[in-house]
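Structural overview for review
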Amino acid sequence: MGKTYARIDGRLRAFIEDQPLFFTATAPLAADGTVNLSPKGLKGSFTVLDELTVAYLDFAGSTAETVAHLRENGRITLMWCAFQGPPNIVRVHGRGEPVFRDDPRFPELLARFPGIDHTAHGLRAIVVVHAELVRDSCGYAVPRMAYEEDRDLHGKRFAREDDASLSAYFTKKEHIATSLDGLPGLPLPLPPSTV
């Protein structure tokens with residue numbers, strides 16, 4: 001039922017790129033640390049960089065747990081489920097890193113996301129994940145659900161922010177600069193964008 005893949009290509013890549021929703025899971029090293037599981041969406045905010053590397057845009061949110069965990073240990077799992085069509089679940093287990101807005105690699109990476117207006121969503125970083133294990137499984141118990149469209153609320157909320165007001169917003173949030181477990185999260189003030 002489940003299969004391991006050497007790379008993300010062909011049918012597997014097409015499936016991943018076609019999904020409107022995926023999930024990220026991370027955890028700190030501490031045994032009593034908080035495991036984080038987050039849904040990610042917005043068409044155009046995910047891309048396959050090569051056969052073993054994927055990336056997604058990390059937009060404004062109420063915490064920065066994924067960023068904090070990646071800064072501490074790099075472990076991450078991404079998961080996609082087929083809610084339409086044949087049942088399928090794909091997981092990419094790997095090592096990730098947040099590439100912040102002042103990183104010299106940022107402009108080149110950002111160019112890989114031409115299908116979304118990143119300025120409308122409070123872009124904090126680009127998360128790059130290097131796959132160490134790629135597997136699929138049946139997904140027989142995943143319900144069928146219809147995708148209608150992306151919500152426009154996130155873009156409406158954050159389109160009115162500039163770098164200074166976005167930094168001020170993040171500074172007021174309790175778990176942006178520091179995670180729930182006290183790990184370093186997003187560097188604040190927000191580095192100015194290099195693009």
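Heads up: the structure comes first, above all this text.
Below is a summary of the structure that appears in this document. Given the structure is predicted, the values throughout are model-derived calculations rather than measurements. (Residues numbered from 1 in each chain as written. Predicted model: local features only at pLDDT ≥ 70, side-chain atom pairs only at ≥ 80, totals over all residues. Heavy atoms only, no water.)

1. Remarks on the layout of surface pockets
Put simply, the largest pocket is a space of about 1200 Å³. Looking at the largest pocket, it is lined by 42 residues, and the ones nearest its centre are Pro-20, Leu-21, Lys-40, Gly-41 and Leu-42. For the lining of the largest pocket, the secondary structure elements donating two or more residues are α1 (10–18), β3 (36–40), β5 (53–58), α2 (65–72) and α4 (153–158). By residue number, the principal contributor to the lining of the largest pocket is β3, which donates four residues. Tallied by class, the residues present in the lining of the largest pocket amount to 19 nonpolar, 13 polar and ten charged. Estimates place the volume of the second largest pocket at around 280 Å³. Taken together, 16 residues form the lining of the second largest pocket, with Glu-17, Gln-19, Pro-20, Lys-43 and Gly-44 sitting closest to its centre. No other element matches the three residues that α1 contributes to the lining of the second largest pocket. A breakdown of the residues in the lining of the second largest pocket according to their chemical character gives eight nonpolar, four polar and four charged. (1 Å grid on protein atoms, 1.4 Å probe; cavity = no way out; pocket = protein on both sides within 12 Å on 5 of 7 lines; lining within 4 Å. Points joined across faces, edges and corners; volume = space filled by probe spheres on them. Helix = DSSP H or I, 4+ residues; strand = E, 2+ residues; numbered from the N terminus. Nonpolar A, V, L, I, M, F, W, Y, C, P; charged D, E, K, R; others polar.)

2. A short note on the packing of aromatic side chains
Enumeration according to the criterion identifies six aromatic pairs in this entry. Of the aromatic side chains, those joined through ring pairs into one cluster are Phe-22, Phe-46, Tyr-56 and Trp-80. Over the ring of Phe-158 we find Arg-157; its NZ or CZ atom is 4.6 Å from the centre of that ring. (Phe/Tyr/Trp six-rings, centres within 6.5 Å; stacked < 30°, edge-to-face > 60°. Lys NZ or Arg CZ within 6 Å of the ring centre and 35° of its normal.)

3. A look at the environment of His-130
By secondary structure assignment, the location of His-130 is in strand β8 (residues 125–137). For His-130, a relative accessible area of 38% gives the class partly exposed. The spacing of His-130 and Met-145 is 15 residues in sequence and 30 Å in space, taken between C-alpha atoms. A distance of 3.5 Å separates polar atoms of two side chains, one belonging to His-130 and the other to Thr-53. (Buried < 20%, exposed > 50% of the residue type's maximum accessible area, 1.4 Å probe, protein only. Polar contact = N/O pair within 3.5 Å; in protein donor to acceptor, adjacent residues only side chain to side chain.)

4. Quick word on α2
Residue pairs spaced three or four apart in an α-helix point in one direction, given the helix's 3.6 residues per turn. Across the eight residues of α2, six count as buried, placing the element largely inside the fold. Those residues of α2 hidden inside the fold are in contact with β2 (22–26), β3, β5, β6 (75–81), β7 (89–100) and β8. One or two positions beyond α2, positive phi appears at Gly-74, with a value near 80°. (Contact = heavy atoms within 4.5 Å.)

5. What about the pairing of β8?
Relative to β8, strand β1 (residues 3–5) is paired through three bridges, and the arrangement is antiparallel. Across the sheet, Thr-4 pairs through a bridge with Arg-135, a residue of β8. The pairing of β5 with β8 spans six bridges and is classified as antiparallel. What sits directly across from Tyr-56, in β8, is Val-127. (Pairing = 2+ DSSP bridges.)

6. Observations regarding α1
Considered for burial, the residues of α1 that qualify are Leu-12, Phe-15 and Ile-16. What you see down the axis of α1 is that its buried residues fit within an arc of 95°, all on one side. Exposed residues lying more than 90 degrees from the buried face of α1 are Gly-10, Arg-11 and Asp-18. Among the structural elements, β1, β4 (46–50), β6, β7 and β8 are those in contact with the buried residues of α1. (Arc of directions from axis to C-beta.)

7. Here we look at the side chain of Asp-103
Among the secondary structure elements, Asp-103 is positioned in the loop between β7 and α3 (106–110). Here the side chain of Asp-103 touches Arg-105 through a polar contact of 2.7 Å, landing on its backbone nitrogen.

8. Section: the pattern of salt bridges
In this structure the tally under the stated criterion is ten salt bridges. Note that Arg-95 is salt-bridged to Glu-132, the shortest N-O span being 3.7 Å. On the criterion of sequence distance, the pair formed by Arg-95 in strand β7 and Glu-132 in strand β8 is long-range, its members being 37 residues apart. Relative accessible area serves as the criterion here: at 37%, Arg-95 is assigned to the partly exposed category. On the basis of relative accessible area, Glu-132 is assigned to the exposed category, the value being 57%. In this structure, the salt-bridge partner of Asp-163 is Arg-101, at a minimum N-O distance of 2.6 Å. Taken together, the residues Asp-163 in helix α5 (residues 163–172) and Arg-101 in the loop between β7 and α3 connect sequence positions 62 residues apart. (Salt bridge = Lys/Arg side-chain N within 4 Å of Asp/Glu carboxyl O.)

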